[in-house]
Amino acid sequence: MVRVEDITESILSYNPDANVDIIWKAYVYSAKVHRGQVRLSGEPYLSHPLEVAHILTKLKMDESCVAAGLLHDTIEDTISTSEEIREHFGEEIFSLVDGVTKISKIEFASSEEQQAENYRKMILAMAKDIRVILIKLADRLHNMRTLEYMSGDKREKISRETLDIFAPLANRLGIGWMKLELEDPAFKYLYPDKYKEIMDRVAEKYEERVKFIEEIAIVINKELDKADVKGKVMGRPKHYYSIYKKMIDQSISFDQVFDITGLRIITDTVKDCYSILGIIHSIWKPIHGKIKDYIAMPKANMYQSLHTTVIVPPSNRVEFQIRTEEMHRIAENGIAAHWRYKEVSKKDEKAAKVDERFAWLKHILEWQKDMKDPKEFLETMKIDLFPDEVYVFTPKGKVISFPKGATPIDFAYYIHTDVGDKCVGAKVNRKIVPLKYNLSNGDIIEILTSPAHKPSRDWLKIVKTSRARTKIRNYLKIEEKARSITLGREITEKEIQKYNLSPSEVLKPEALSEAIKTTGFSNEENLFAAIGYGRYHVHQLMMKLIPPEKIEERKKREESRFKKIISRVTKKPEIGSVKIKGVEDFLTRFAMCCNPVPGDKIIGFISRGRGVTIHTADCPNIAELQYDKDRLVTVEWDLKEKTLHKVRINIHTLDKPGILADISASIASQGVNISQADIETTENKEAFLNFSIEISDLDQLQKVINSIKKLKGVLKVERVKEYKKLKRAASGK
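These remarks concern the structure in this document. (Residues numbered from 1 in each chain as written. Predicted model: local features only at pLDDT ≥ 70, side-chain atom pairs only at ≥ 80, totals over all residues. Heavy atoms only, no water.)

### Re the packing of helix 22 (residues 466-497) against helix 26 (residues 538-545)
Okay, step 1: Between helix 22 and helix 26, the shortest axis-to-axis distance is 10 Å and the interhelical angle comes to 55°. The angle between helix 22 and helix 26 falls in the class oblique. In this structure, helix 22 meets helix 26 at a crossing whose hand is right-handed. Here Ile491, Thr492, Glu495 and Ile496 of helix 22 lie close against helix 26, whose contacting residues are Val538, His539, Leu541 and Met542.
Okay, step 2: Per-class residue counts for the contact of helix 22 with helix 26 are 5 nonpolar, 2 polar and 1 charged. (Axes fitted to C-alpha atoms, helices over the stretch in contact; angles between N-to-C directions. Helix = DSSP H or I, 4+ residues; strand = E, 2+ residues; numbered from the N terminus. Parallel < 35°, antiparallel > 145°, perpendicular 65-115°, else oblique. Left-handed = near helix turned anticlockwise from the far one by under 90°. Contact = heavy atoms within 4.5 Å. Nonpolar A, V, L, I, M, F, W, Y, C, P; charged D, E, K, R; others polar.)

Structure below.
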């Protein structure tokens, strides 16, 4: 078992100034909370965090990362709490441990290629500090080394996750040795027969291949000496899973995998790399299409090397990889190889964002300058790889990506249009959230629906996906058209009745069809919808449907009726506090729906047999009366006339002895009479008082309200305008 001394020695070998005290502190704490726990292998559980920490030193991680490796299972598998880790080890180490814990809770439910890529993106997005990923990879690597002690089902599940998620992550971060060490055991447990077959085939000619490689190395070294070029030649073993993958991807047999025999040449400079490539091609004939220059065009994970495959007589194919020491270090350890970085200038940072998402990995070599402190490098790694995307789960474990700021409504419409239309709420991680909630990486989303529910226009303000926005607009458009068709038909039928005709007779299919031909609409639904929308006036349709004599008859009837109304209402006013512009001696009355008082802006409406009804200018019923604007008249208050008006006020108070008497006295002190009072109390010692009072104008009302507000225990006072929807009969129709 690895000892803590091995870990501290390893750290000090590449970072002599490292604070190893924090490593010892993490070790003691981890040993304490894991005491008594045993792994399936029979070893103390502490052996696992020690191995993880040791792997991290191989990646040359800083002391905070290694300490987090020792603590990575404490929150999830012991009685330790997040608060304890933060208190004992600080925010940085807690953040790393917490990040690993969150990733460990992800359930990987699919092995589809696209889904696996989404999982990998989600993990990268969740871990804003790249060290979190490295700790998780080290954790998985040690688990793969001890996978034999697990049950068959567990082995298969972990192996599948490793091949689909973690080995590609290691590859993406450029950690070649870790990728290979993750892949081969996973391959072994997932496909044992294939693994054994390839292992046996490789072993068959192992000694022959070793001898062959030694002979080639002698030839290469001799030619390098002649050219005075330095280079270290070594055999490059082909791993079993990479052989299998090549067989599957290219649909070839084992005998057709020609690069099982391979050599790697490590040299000093880029110039020497190209010189060695020329030397090899001068000795053996290269195969067309098998020369790849990853030095000039590095892979996205920073990998750089020259590859070439040549024919070595009599007919052996041999692949060479040529790289510098620095390139080799990066090929093995990837992102973890970079301990010396430069600060990225704002210009470079902006340019990097324009490039593909992983361009920052590819361009790291271009950015670097000497840095003495490894932490400076790690600061550059604390980045958000996917600033514009979030990755969430369906209840069945499928991963879906959404733009940042997306809501459960976006998720609902992604699942199905009907789910979106009927969405009434959502659960995120089993807790109810509002529909405007912003989805976060790793959320598990469940949509709540109701058959009677419909989309709201307000949803358009919060959804982020074009799919959701389009579906909502389509639904609203259909609904709006349906309402407009119904309204348009009602307006048409009522207009026909004004001519003393039957709508069913006038709107017979043949008559309506003839009229539609001259309107420019394709069918009656579109016609009625236009009338409902207000885009086509119903009178235009009447001119096409109603006989001319009927139109003339109605016109004369309306003129006669209006004259009678004018003559009937020119009587003594009921109330003398209102003047009607341009008319004398009109009968007037105040609308009960809004109870206007002097000081309110007002407007009059001529009602049949009732004179002019006075409304407040903002009364909603005035909008309902706009269908006959000829009856609206301008009115104003006659301030010479002092008339009392009834007004309702609501008072919200604490329910305490004497409060009613205090309020009554306050109203009386303003010379105002109370005509009616209703009182209601609640269980929580509050009271609601509804008074009808008689006031002369708005100023007197305001004085009453201000007087009441000063009383102790009064919470709120307001005038009540209880707008009651008018019936058509009330307006004289």
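Here the narrative resumes, following the displayed structure.
### Some thoughts on helix 25 (residues 524-533)
For an α-helix the count is 3.6 residues per turn, leaving residues at separations of three or four pointing the same way.
Okay, step 1: Buried within helix 25 we find Leu527, Phe528, Ala529, Ala530, Ile531 and Gly532.
Okay, step 2: On the buried face of helix 25, the contacting elements are helix 22, helix 24 (509-517) and helix 26.
Okay, step 3: Structurally, the start of helix 25 carries an N-cap: the backbone nitrogen of glutamate 525 is 3.2 Å from a side-chain oxygen of asparagine 523.
Okay, step 4: At the C-terminal side of helix 25, glycine 534 shows a positive phi close to 90°. (Buried < 20%, exposed > 50% of the residue type's maximum accessible area, 1.4 Å probe, protein only. Polar contact = N/O pair within 3.5 Å; in protein donor to acceptor, adjacent residues only side chain to side chain.)

### Quick look at the packing of helix 1 (residues 4-14) against helix 3 (residues 47-58)
Okay, step 1: Interhelical geometry of helix 1 versus helix 3 gives an angle of 15° and a closest axis separation of 9 Å. Taken together, helix 1 and helix 3 sit at an angle that is classed as roughly parallel. For the pair helix 1 and helix 3, the sense of crossing is left-handed. Counting all contacts with helix 1, which are made through Val4, Asp6, Ile7, Ser10, Ile11 and Tyr14, the residues of helix 3 involved are Leu50, Ala53, His54, Leu56 and Thr57.
Okay, step 2: Grouping the amino acids of the contact of helix 1 with helix 3 by side-chain chemistry returns 7 nonpolar, 3 polar and 1 charged.

### Looking at the sheet that holds strand 19 (residues 673-681)
Okay, step 1: Here we have 4 strands laid out as an open sheet, ordered 19-20-18-21, and antiparallel in their pairing. At either margin of the open sheet sits one strand with a lone partner, and together these are strand 19 and strand 21 (714-720). Between one strand axis and the next, the sheet turns by 20° as a mean value, whatever way the strands run.
Okay, step 2: In this structure, strand 18 (residues 645-654) lies alongside strand 21, joined through 6 bridges in antiparallel fashion. By the bridge assignment, arginine 648 is partnered in strand 21 with valine 720.
Okay, step 3: Helix-sheet contacts for helix 29 (residues 659-668) involve strand 18, strand 19, strand 20 (686-695) and strand 21, and the interaxial angle to strand 20 is about 20°.
Okay, step 4: Across the sheet, helix 30 (residues 698-709) is in contact with strand 18, strand 20 and strand 21; its angle to strand 21 comes to roughly 165°. (Pairing = 2+ DSSP bridges.)

### As for the packing of aromatic side chains
Okay, step 1: What the rule picks out here adds up to 15 aromatic pairs.
Okay, step 2: With a centroid separation of 5.5 Å and 85° between ring planes, the pair formed by tyrosine 29 and phenylalanine 89 is classed as edge-to-face. Separated by 60 residues along the polypeptide, tyrosine 29 in helix 2 (residues 21-33) and phenylalanine 89 in helix 6 (residues 82-104) bring together distant segments of the chain.
Okay, step 3: Accessibility expressed as a relative area gives 8% for phenylalanine 89, which makes it buried.
Okay, step 4: When the ring of tryptophan 284 is compared with that of phenylalanine 320, the centres are 5.9 Å apart and the planes differ by 15°; the resulting orientation is stacked. Highlighted residues: tryptophan 284 in the loop between helix 14 (270-283) and strand 3 (285-286) and phenylalanine 320 in strand 6 (residues 316-324), separated in sequence by 36 residues. Per residue, the accessibility class of tryptophan 284 equals that of phenylalanine 320, and both read buried.
Okay, step 5: Three or more aromatic residues joined by ring pairs form one cluster here, namely Phe187, Tyr191, Tyr195, Tyr240, Tyr241 and Tyr244.
Okay, step 6: The ring of phenylalanine 89 carries the charged tip of lysine 25 above its face, separated from the ring centre by 5.3 Å. (Phe/Tyr/Trp six-rings, centres within 6.5 Å; stacked < 30°, edge-to-face > 60°. Lys NZ or Arg CZ within 6 Å of the ring centre and 35° of its normal.)

### As for the sheet that holds strand 9 (residues 423-428)
Okay, step 1: On the basis of which strands lie adjacent, the open sheet formed by 3 strands has the order 10-9-11 and antiparallel pairing. Looking at the sheet topology across the chains shown, the edges are occupied by strand 10 (431-433) and strand 11 (445-449). Adjacent strand axes in the sheet meet at a mean angle of 35° when their direction is disregarded.
Okay, step 2: Direction of pairing for strand 9 relative to strand 10: antiparallel, over a ladder of 3 bridges. Within strand 10, the position partnered with alanine 426 by the bridge is valine 433.
Okay, step 3: The strands that helix 20 (residues 408-415) touches are strand 9, strand 10 and strand 11; relative to strand 11, the one it contacts most, it runs at about 80°.

### Here we look at unusual backbone geometry
Okay, step 1: Although it is not a glycine, lysine 60 adopts a positive phi angle of roughly 60°.
Okay, step 2: Tracing the backbone through its elements, the reader meets lysine 60 in the loop between helix 3 and helix 4 (63-71).
Okay, step 3: Phi is positive for asparagine 595, which is not a glycine, with a value near 45°.
Okay, step 4: Take asparagine 595: it is sitting in the loop between strand 13 (588-590) and strand 14 (602-607).

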